[in-house]
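# Coordinate inspection notes
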Amino acid sequence: MSAYRGKYADELIANAAYIGTPGKGILAADESTGTIGKRLSSINVENIESNRRALRELLFTTPGALECLSGVILFEETLYQKTASVSLIFAGKPFVEVMKEGGVLPGIKVDKGVVELAGTNGETTTQGLDGLAQRCQQYYSAGARFAKWRAVLKIGPNEPSQLAINENANGLARYAIICQENGLVPIVEPEILVDGPHSIDKCADVTERVLAACYKALNDHHVLLEGTLLKPNMVTPGSEAKKVAPEIIAEYTVRALQRTVPAAVPAIVFLSGGQSEEEATVNLNAMNKLKTKKPWSLSFSFGRALQQSTLKTWAGKEENVKKARAAFLTRCKANSQATLGTYEGSSGLSEAASESLHVKDYKY
């Protein structure tokens, strides 16, 4: 058997292609309770269930925003939450239903975080395979149609090690086939952290090695590539190195993908990796303007780079909801245009949109 052809195969192919629709992308709203707590504390809002729900409701019910999205990645808590009963339009409606009515597929974060790989210099592997099949079945029943699993690699003098590359590639492949057997499109996310002083050439070299290993593992595990998505880092210089132009990032990133990602993969949805909102958008736009062979659509799966200015504008206050929604819609439209290569920049750029979102050794 070359690739999975079980009962969900056609559905997986259709859903993966839909998520990759040009003009649309993914909102990553799957921050763990601890991570969303850090975001809320930055605006002096308490990390309790009602506040987490209020922030996500603000995002999901922004008029016009879902038209720019094809998927939203949720944390388990959010998959089962509803809108507030006082909401005029969506009163007491499950978030999953709000998304489906807006033409957006709900997704779910399924990994259980990273643990250190013994014998390495702080490198990690991702846990969460135990009981994954049963959890996927439950999430599918609850309305989820795709999943996300984040592997994390770092660039150092001797990193990533071949052990870390192989271990994370195999973990991603095992996760991917389990998801497909249970009806969920797997997003394969091998994130190479931007931390460090390395050059863009070093990042390109590591990115190509990591992606080559991932697609070897995905093939070994009989994963149906047409029913998957890739969520990679953009190829950039390290956080402590001098920045380069968006056109250079576009050239290096697309070349790395051309060398490693099979044409069977329908879409590549980039992570923002601590770039500012505007940087992430401009770099994605540059890739889509690039005149070269691109057999997959190039889109986004942004968390911080879609939410930062919205979060700061909202500040946990009901009277700011309208302005916060306007800020969110601005970023959604900007990234929608970037998937088509038609983004021309924002003249009224907010301070939050140009703020670096880099966090060293970022834990999701």
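This text gives an overview of the structure that appears in the document. (Residues numbered from 1 in each chain as written. Predicted model: local features only at pLDDT ≥ 70, side-chain atom pairs only at ≥ 80, totals over all residues. Heavy atoms only, no water.)

### Some thoughts on the layout of surface pockets
Operational definition: The method works on a 1 Å grid over the protein atoms by themselves. A cavity is a set of points holding a 1.4 Å probe that cannot get out, a pocket is an open set with protein on both sides within 12 Å along at least five of seven lines, and residues with an atom within 4 Å of a point line them. Grid points are joined across faces, edges and corners, and a volume is the space filled by probe spheres set on the points. Put simply, DSSP H or I for four residues or longer makes a helix, DSSP E for two residues or longer makes a strand, and each gets a number counted from the N terminus.
The computed volume of the second largest pocket comes to approximately 470 Å³. At the level of elements, strand 7 (185–192), helix 9 (246–260) and helix 10 (277–289) are the ones that each hand at least two residues to the lining of the second largest pocket. With three residues, the top contributor of residues to the lining of the second largest pocket is helix 10.

### Brief notes about the pairing of strand 6 (residues 146–153)
Put simply, the rule is: Residue exposure (1.4 Å probe, protein chains only): buried if accessible area is under 20% of the type maximum, exposed if over 50%, otherwise partly exposed. For two strands to be treated as a pair, DSSP must find no fewer than two bridges joining them.
For strand 6, the tally of buried residues reaches eight of eight residues, placing the bulk of the element in the interior. Along strand 6, one buried face is formed by Phe 146, Lys 148, Arg 150 and Val 152 and the opposite face, lined by Ala 147, Trp 149, Ala 151 and Leu 153, is buried too. In the sheet, strand 3 (residues 105–109) pairs with strand 6 via three bridges, with the strands oriented parallel. Looking at the pairing, Gly 107 lines up with Phe 146 of strand 6.

### Side note on the packing of aromatic side chains
Both the distance between ring centres and the angle between the ring planes are used here to describe each pair of aromatic rings. The condition is simple: Two aromatic rings from Phe, Tyr or Trp, using only the six-membered ring of Trp, form a pair when their centres are within 6.5 Å; if the ring planes differ by under 30 degrees the pair is stacked, by over 60 it is edge-to-face, and anything between is tilted. In this analysis the charged atom, NZ for Lys or CZ for Arg, is taken to sit over a ring once it is within 6 Å of the ring centre and within 35 degrees of the ring normal.
Taken as a whole, this structure holds four aromatic pairs when the rule is applied. Centroid distance Trp 149 to Tyr 175: 5.3 Å. Interplanar angle 25 degrees. Geometry classified as stacked. Placement of the pair is Trp 149 in strand 6 and Tyr 175 in helix 7 (residues 162–181), with a sequence separation of 26 residues. Accessibility classification places Trp 149 together with Tyr 175 in one group, the buried group. Its end group placed over the ring of Tyr 252, Arg 255 keeps NZ or CZ at 4.8 Å from the ring centre.

### Points about the packing of helix 2 (residues 33–41) against helix 3 (residues 49–60)
As a reminder, the rule being used: Axis definition: a line fitted to C-alpha atoms, limited for helices to the stretch in contact. Angles are taken between N-to-C directions and run from 0 to 180 degrees. In this scheme, roughly parallel covers angles under 35 degrees and roughly antiparallel covers those over 145, while 65 to 115 is roughly perpendicular and the rest are oblique. We call two residues in contact whenever any of their non-hydrogen atoms come within 4.5 Å of each other. Any residue that is not Ala, Val, Leu, Ile, Met, Phe, Trp, Tyr, Cys, Pro, Asp, Glu, Lys or Arg is counted as polar, Gly included; the first ten are nonpolar and the last four charged.
Axis separation between helix 2 and helix 3 bottoms out at 11 Å; the angle between their running directions is 75 degrees. The angle between helix 2 and helix 3 places the two elements in the roughly perpendicular class. In this structure, helix 2 contributes Thr 33, Ile 36 and Leu 40 to the contact, and helix 3 contributes Asn 51, Arg 52, Leu 55 and Arg 56. Class assignment of the residues belonging to the contact of helix 2 with helix 3 gives a composition of three nonpolar, two polar and two charged.

### Focus on the environment of Ser 301
Let me state the cut-off plainly: Between N or O atoms, a polar contact is any pair within 3.5 Å; within protein, one atom must be a potential hydrogen donor and the other a potential acceptor, and residues adjacent in sequence are included only when both atoms are from side chains.
Inspection of the secondary structure assignment puts Ser 301 in strand 10 (residues 297–302). Ser 301 sits 276 residues away from Gly 25 along the chain, and the two C-alpha atoms are 6.2 Å apart. Only 3.0 Å separates the side chain of Ser 301 from the side chain of Lys 231, close enough to count as a polar contact.

### Considering helix 9
We apply this condition: To estimate how far a helix should extend, the number of its residues minus one is multiplied by 1.5 Å.
In a regular helix each residue adds 1.5 Å, so 15 residues correspond to 21 Å; helix 9 covers 21 Å between its end C-alpha atoms and thus fits that length. Every buried residue of helix 9 is listed here: Ile 249, Ala 250, Tyr 252, Thr 253, Val 254, Ala 256, Leu 257 and Thr 260. In this structure, the buried residues of helix 9 make contact with helix 8 (200–220), strand 8 (229–230), strand 9 (267–270), helix 10 and strand 10.

### Some thoughts on helix 12 (residues 321–338)
Taking 1.5 Å per residue, 18 residues should reach 26 Å; helix 12 reaches 26 Å between its end C-alpha atoms and fits that length. Considering only its buried residues, helix 12 is in contact with strand 1 (25–29), helix 3, helix 10, strand 10 and helix 11 (304–314).

### What about the side chain of Thr 281?
Considering the arrangement of structural elements, one finds Thr 281 in helix 10. Note on Thr 281: relative accessible area 0%, which makes it buried. For Thr 281, the side chain forms a polar contact with the side chain of Arg 331, separated by 3.0 Å.

### What to know about the pattern of salt bridges
Using the following cut-off: A side-chain nitrogen of Lys or Arg and a carboxyl oxygen of Asp or Glu constitute a salt bridge if their distance falls within 4 Å.
This structure, assessed with the given rule, holds 18 salt bridges. The partner of Arg 5 in a salt bridge is Asp 10, and the shortest N-O contact between them spans 3.4 Å. Accessibility classification places Arg 5 together with Asp 10 in one group, the exposed group. For Asp 30, the salt bridge goes to Lys 148, with nearest N and O atoms at 2.9 Å. Of this pair, Asp 30 sits in the loop between strand 1 and helix 2 while Lys 148 sits in strand 6, placing them 118 residues apart in sequence. Residue Lys 148 is classed as buried on the basis of its relative accessible area, which comes to 1%. Among the charged side chains, a salt-bridge network with shared partners connects Asp 30, Lys 148 and Glu 189.

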